[in-house]
Amino acid sequence: ETPSFKEMISYIRETNPELFQSKKIVYYGLSFDSIPEFCVFIYCMDAWIPITRNYNIGFDYIDNKGNIHSVYPDFIINGKLVEIKGAHFFREDGTMYLPYRNPNWSDEQYEYMCDLYERKRQCLINNGVLIYKDTDPWVVECIRYVYFTYGKNWINLFSKSNPLNICYGYSPFDIINSEDGYCPVEGLGLSSFNLQK
């Protein structure tokens, strides 16, 4: 029986809840904010779809107080900027908001934060960025691909807090070009190419 999207995510959440905190997945020097982001990256790499983790192309937007903020889409896929967001950040009408509320915030502060998320969404759309929710069919298929191709525990290997994560902070390029010429972490590096079942 094929597990549902919720079952796959629930399993990963239960076995390593740390992965659901920000920037907790590290894969050969790249950091990922969420499991869906990571799965999109792995799927595209395996399928030879050109993908780059975006750290350089950003856009500015202004909040309702006149302050400037910046947003950097997650990826460049096939030449297009792409943002992956959790469906819980979207209202039924498609606008974005902050689903979490600090108990110390006033109603005004919370409304400000929700408005900020919606302004970020508008900025992304106005700059041609494709926004995918983690529940959209393509993203779900990417998660399903990783889950079934590499095994349900594979993602846990890349937790930032996992002492066995030999990908944390290093890439093959870093190791080859280091001054001393060796990897300071014992053991053979793992990649998607040698972990296939």
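For the structure, see preceding data.
Small disclaimer: the values here were computed from a predicted structure and weren't measured.

Criteria and cut-off values
Residues numbered from 1 in each chain as written. Predicted model: local features only at pLDDT ≥ 70, side-chain atom pairs only at ≥ 80, totals over all residues. Heavy atoms only, no water. Helix = DSSP H or I, 4+ residues; strand = E, 2+ residues; numbered from the N terminus. Polar contact = N/O pair within 3.5 Å; in protein donor to acceptor, adjacent residues only side chain to side chain. Contact = heavy atoms within 4.5 Å. Buried < 20%, exposed > 50% of the residue type's maximum accessible area, 1.4 Å probe, protein only. Lys, Arg positive; Asp, Glu negative; His and termini not counted. Salt bridge = Lys/Arg side-chain N within 4 Å of Asp/Glu carboxyl O. Phe/Tyr/Trp six-rings, centres within 6.5 Å; stacked < 30°, edge-to-face > 60°. Core = buried A, V, L, I, M, F, W, Y, C linked by side-chain atoms within 4.5 Å.

Student: Explain the side chain of Arg53 to me, and be specific about the residues and the numbers.
Tutor: Looking at where Arg53 falls in the secondary structure, it is placed in strand β3 (residues 51-53). Among the polar contacts made by the side chain of Arg53, one reaches the main-chain carbonyl oxygen of Ser31 at a distance of 2.9 Å. A polar atom in the side chain of Arg53 sits 2.9 Å from the side chain of Glu37. Excluding its chain neighbours within four sequence positions, the residues that come into contact with Arg53 are Leu30, Ser31, Phe32, Asp33, Glu37, Asp74 and Phe75.

Student: Can you tell me about the side chain of Lys120, naming the residues and giving the values?
Tutor: Tracing the chain through its elements places Lys120 in helix α3 (residues 107-126). Within the buried core, Lys120 has no salt-bridge partner, and the shortest N-O distance to an opposite charge, that of Glu83, equals 6.1 Å. Setting aside chain neighbours within four positions, we find Lys120 in contact with Tyr61 and Val71.

Student: I'd love a proper account of the packing of aromatic side chains, names of residues and values included.
Tutor: In the structure shown here, the tally under the stated rule is 19 aromatic pairs. On the numbers, 6.3 Å between centres and 65° between planes, the contact of Tyr27 with Trp154 is edge-to-face. Remark: Trp154 occurs in the loop between α4 (137-150) and α5 (172-176) and Tyr27 occurs in strand β1 (residues 25-27); sequence separation between them is 127 residues. Take Trp154: its relative accessible area is 4%, and that puts it in the buried class.

Student: I'd like a description of the nonpolar core, backed by residues and values.
Tutor: Judged by nonpolar contacts, the single largest core of 26 residues is most densely connected at Tyr27, Phe38, Val40, Ile42, Phe75, Trp154 and Ile155. For this core, the elements supplying multiple residues, two or more each, are β1, α2 (35-46), β6 (75-77), β7 (80-85) and α4. A total of 7 residues in this core trace back to one element, the largest contributor, which is α2. Ranked by size, the runner-up nonpolar core spans 9 residues in total, among them Tyr61, Val71, Leu81 and Cys123.

Student: Account for the pattern of salt bridges, naming residues and giving values.
Tutor: Tallying each qualifying case throughout the model produces 6 salt bridges. Residues Arg53 and Asp74 are paired through a salt bridge, measuring 3.8 Å at the closest nitrogen-oxygen approach. Residue Arg53 is found in strand β3, and its partner Asp74 is found in the loop between β5 (68-71) and β6; the two are separated by 21 residues along the sequence. Counted as one network, the salt bridges with shared partners bring together Glu37, Arg53 and Asp74.

Student: Go over the environment of Tyr132, please, and point to the residues and values.
Tutor: Assignment of secondary structure puts Tyr132 in strand β8 (residues 130-133). With 45 residues separating them along the chain, Tyr132 and Ala87 place their C-alpha atoms 8.8 Å apart. In this view, Tyr132 contacts Val82, Glu83, Ile84, Lys85, Trp138 and Val139; residues no more than four positions away in its chain are not counted.

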